[in-house]
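Residue-level listing of the chains:
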Amino acid sequence: MIKEELQLLFNKDENALKGNNINYSLLKNFDEFLISKIDNSFNQEVFNVYKKFVDMKQEAPDSMKTVLFSTIRNYANDEFSKGDYIGALVLFRFLMVKSALDSLDYINIAKCLICTSDTALYKDFLQLYEDKEENKLLAYIELANIYKTIKDYKAAIDCYEKFLSIDQTKIAVYTITADLYSKLNGSESLEKQIELYEKAYTIEPNNRLVLHGLAYGYEKLGLKDKAKIFYEKLLGNNPTENDYYNYGGFLISCGDFINGHKYFTHRFNIDNINLKYPADESKKWDLKSDISDKTLLIHYEQGFGDTIMYCRFVPQIKNIAKKVIFVVQKELFNLIATSEIFRDIEIITDEKSTNYDVNMALLDVPLVVNANSDNLPYTTGYLNIKEYKFVDHNNNTFKIGLSLSGSKTANYSGRDIEVERIYNLLKDIPNITLYNLQKNDKECDGIISLGKTFKDFTDSACAICNMDLIISTDNVILNLSGALGIDTIGLFNKETNYRWFKPEGENVGWYESVKPLQNKKQNDWNNTISELVNIIENKLKLN
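The following paragraphs examine the structure supplied in this document. (Residues numbered from 1 in each chain as written. Predicted model: local features only at pLDDT ≥ 70, side-chain atom pairs only at ≥ 80, totals over all residues. Heavy atoms only, no water.)

## Observations concerning the sheet that holds strand β5 (residues 398-403)
Sheet strands pair via backbone hydrogen bonds, and the direction of the pair is either parallel or antiparallel.
Step number 1: Read across the open sheet, the six strands follow the order β7-β6-β5-β8-β9-β10; overall the sheet is parallel. For this open sheet the edge positions go to β7 (448-449) and β10 (514-518), each flanked by a neighbour on one side alone.
Step number 2: Where strand β6 (residues 432-436) and β7 come together, two bridges link them in parallel fashion. The partner of Y435 across the bridge, within β7, is I448.
Step number 3: Along the sheet face, helix α19 (residues 419-426) touches β5, β6 and β8 (469-473) and points at about 175° away from the line of β6.
Step number 4: Contacts from helix α22 (residues 526-542) reach β5, β6, β8, β9 (488-492) and β10 within the one sheet, and its direction differs from that of β10 by about 145°. (Pairing = 2+ DSSP bridges. Helix = DSSP H or I, 4+ residues; strand = E, 2+ residues; numbered from the N terminus. Contact = heavy atoms within 4.5 Å. Axes fitted to C-alpha atoms, helices over the stretch in contact; angles between N-to-C directions.)

Quick look at the structure:
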């Protein structure tokens, strides 16, 4: 009943007051939206106010109209603040047809519409606000903040840039706009992000947010010399634990393991669930004191690939402690425990309790043994299989193992390629057989799914050793294949994880058997995959 009555009230004023610039079509759409939202729970007091004053004529005394319109405007804003968005909009509708709106009215109408979550009418009122507001700097900031809140980053950027076309002195506007470019376009807009941060830098060269943006941006763009300049400026300006940690990762990516791993120890001071200290902190070794008479426990951290990559350093620490115990994930236990380089080290899993004096995290071992990128141990391979199992040994074709996605729980992405995409490019090459080595990957016609048969990484290693070639993105299979010394092609995105200090050339540095192919543009695998096909065809000619 109230819906029909309100419609009749609306019909008494079918045009907005001239000068409010709300055309007939917009008011009609606005009315239809409001009526669709009216039900028996509608605010009766709001209805009564509208009904009481709807017949007021423009000829009424100005003093009376001024008081009335001010009262209704305050009432509308009160209803908005209480969350009665439809009630507030009905009151604003009264003002649209009876009173000259001020610029703030348009904004509040738009905000009410946004809060209803199911209409695009707010855009019309935001545009009216922009047209009406004489203070353009205020208008652009207000609009930008609204668009940013509703995650319309493109519109927000447009408004912030309009602001900057008038006022080029506000650091916050530069940094917010750069951040929105990152949210909207990611790495594709790195140059634009850097341009904004550089402009902010000329205004306030010691601003930490600006320094961080430049260090990060230049690093992602691959301009490491410039990135280092701004990282060092950042470390000289009230650095945080995150700054030290990020700088450590950056230096490792540059091949400076000694300094990089020193700063990398700050990772455990960061509030990040993926960077928690992996062992009993009360027994944490300071990495400096003499432990020649002590038993040292080294505990794995992070993922399987990290354990495989960094376990090579564990044997180098044998001469530092009386005894070394190495805790690994249970899925890696059999493989690592039977590998020759660990013959004098006790290998256990978390399931076994043991006595020891001090402990350390695995990724700190390079720091203790003074490892650097130019003296990495066991680059030709270091893991062994005790019992060799044949996979499809009657198959005389060229066998290629595939592993094309990374862990979904890792703190970096950009490592996934659809297996069907690789298959479609390789399927017409004669005399090859494709095997999927990932455990939980979906099946693809034309590719043999071996991963679903694996019980642990010993099974994975056996399968890898039966392959003529492994093709892998940055994941555990890539590391496992390299640690086994198997011919491998590593597919890397433009932005790599910090560990990969050499994603170009004949090998990745960590493993001599892994040849890297890297995207020239983030997430654009086209040229990389084309190069991959050429390499496979050349290998087949030599086979």
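From this point, the narrative continues.
## Comments concerning the pairing of β8
Step number 1: Among the five residues that make up β8, five are buried, leaving the element largely enclosed by the rest of the structure.
Step number 2: Side chains of β8 alternate between two faces, with L469, I471 and T473 and I470 and S472 buried alike.
Step number 3: Judged from the four bridges that link them, β5 and β8 form a sheet pairing that is parallel. Across the sheet, L402 pairs through a bridge with I471, a residue of β8.
Step number 4: Relative to β9, β8 runs parallel, the two sharing four bridges. What sits directly across from T473, in β9, is L491.
Step number 5: You can see the chain leave β8, run along helix α21 (residues 476-483) and come back into β9, and the turn it takes is right-handed. (Buried < 20%, exposed > 50% of the residue type's maximum accessible area, 1.4 Å probe, protein only. Right-handed = clockwise from strand over helix to strand, strands pointing away.)

## Remarks on unusual backbone geometry
Step number 1: Of note, Q302 is a non-glycine position whose phi angle comes to about 65°, a positive value.
Step number 2: Its place among the elements puts Q302 in the loop between β1 (295-299) and α16 (304-310).
Step number 3: In the Ramachandran plot, N370 falls in the positive-phi region, its phi being about 55° despite a non-glycine side chain.
Step number 4: Within the element layout of this structure, N370 appears in the loop between α18 (365-368) and β5.

## Section: the sheet that holds strand β3 (residues 346-348)
Step number 1: An order of β3-β2-β1-β4 is seen for the four strands of this open sheet, with the pairing classed as parallel. Sheet topology places β3 and β4 (358-361) at the edges, where each strand pairs with a single neighbour. Each adjacent strand pair in this sheet contributes to an overall mean axis angle of 25°, direction not counted.
Step number 2: Across four bridges, β1 lies against β4 in parallel orientation. Of the residues in β4, the one forming a bridge with L297 is N359.

## A closer look at the packing of aromatic side chains
Step number 1: For the structure shown, the criterion picks out 24 aromatic pairs.
Step number 2: Among the aromatic residues, those joined into a ring-pair cluster are Y231, Y244, Y247, F250 and Y263.
Step number 3: Above the face of the Y356 ring, K283 is positioned so that its terminal group lies 4.6 Å from the ring centre. (Phe/Tyr/Trp six-rings, centres within 6.5 Å; stacked < 30°, edge-to-face > 60°. Lys NZ or Arg CZ within 6 Å of the ring centre and 35° of its normal.)

## Let's talk about the packing of helix α14 (residues 241-253) against helix α15 (residues 257-264)
Step number 1: The N-to-C vectors of α14 and α15 enclose an angle of 155°; their axes lie 7 Å apart at closest approach. Between α14 and α15, the interaxial angle falls into the category roughly antiparallel. The element α14 and its partner α15 pack so that their crossing is left-handed. Contacts between α14 and α15 involve Y244, Y245, Y247, G248, G249, L251 and I252 from the former and F257, N259, G260, H261, Y263 and F264 from the latter.
Step number 2: When the residues that make up the contact of α14 with α15 are grouped by side-chain class, the tally is eight nonpolar, five polar and no charged. (Parallel < 35°, antiparallel > 145°, perpendicular 65-115°, else oblique. Left-handed = near helix turned anticlockwise from the far one by under 90°. Nonpolar A, V, L, I, M, F, W, Y, C, P; charged D, E, K, R; others polar.)

## With respect to the pattern of salt bridges
Step number 1: Summed over the entire model, instances satisfying the criterion amount to 28 salt bridges.
Step number 2: A salt bridge links D13 to K98; the shortest N-O distance between them is 3.3 Å. Residue D13 is located in the loop between α1 (2-11) and α2 (24-37), and its partner K98 is located in helix α5 (residues 85-98); the two are separated by 85 residues in the primary sequence.
Step number 3: For D13, a relative accessible area of 15% puts it in the buried group.
Step number 4: Residue class for K98 comes out buried when judged on its relative accessible area of 5%.
Step number 5: Measuring nitrogen to oxygen at the nearest pair gives 2.9 Å for the salt bridge that ties K323 to E346. Taken together, the positions of K323 in strand β2 (residues 323-327) and E346 in strand β3 put the pair 23 residues apart, joining distant regions of the chain.
Step number 6: The class for K323 is partly exposed, based on a relative accessible area of 38%. (Salt bridge = Lys/Arg side-chain N within 4 Å of Asp/Glu carboxyl O.)

## What to know about α14
Step number 1: An ideal rise of 1.5 Å per residue puts 18 Å on 13 residues; α14 measures up with 19 Å between its terminal C-alpha atoms.
Step number 2: D243, Y245, Y247, G248, G249, F250, L251, I252 and S253 are the residues of α14 that are buried.
Step number 3: Buried residues along α14 sit against α12 (208-221), α13 (224-235) and α15.
Step number 4: One or two steps after α14, the chain reaches G255, where phi turns positive at roughly 90°. (Expected span 1.5 Å × (residues − 1).)

## Regarding the environment of E79
Step number 1: Mapping E79 onto the fold places it in helix α4 (residues 62-82).
Step number 2: Between the C-alpha atoms of E79 and V67, which are 12 residues apart in sequence, the distance is 18 Å.
Step number 3: Here E79 is in contact with N43, V46, D84, A88 and L91, once residues within four sequence places are set aside.
Step number 4: Polar contacts involving the side chain of E79 include one to the side chain of N43, which spans 3.2 Å.
Step number 5: Among the polar contacts made by the side chain of E79, one reaches the side chain of K82 at a distance of 3.0 Å. (Polar contact = N/O pair within 3.5 Å; in protein donor to acceptor, adjacent residues only side chain to side chain.)

That's the geometry; what it means functionally is another story.
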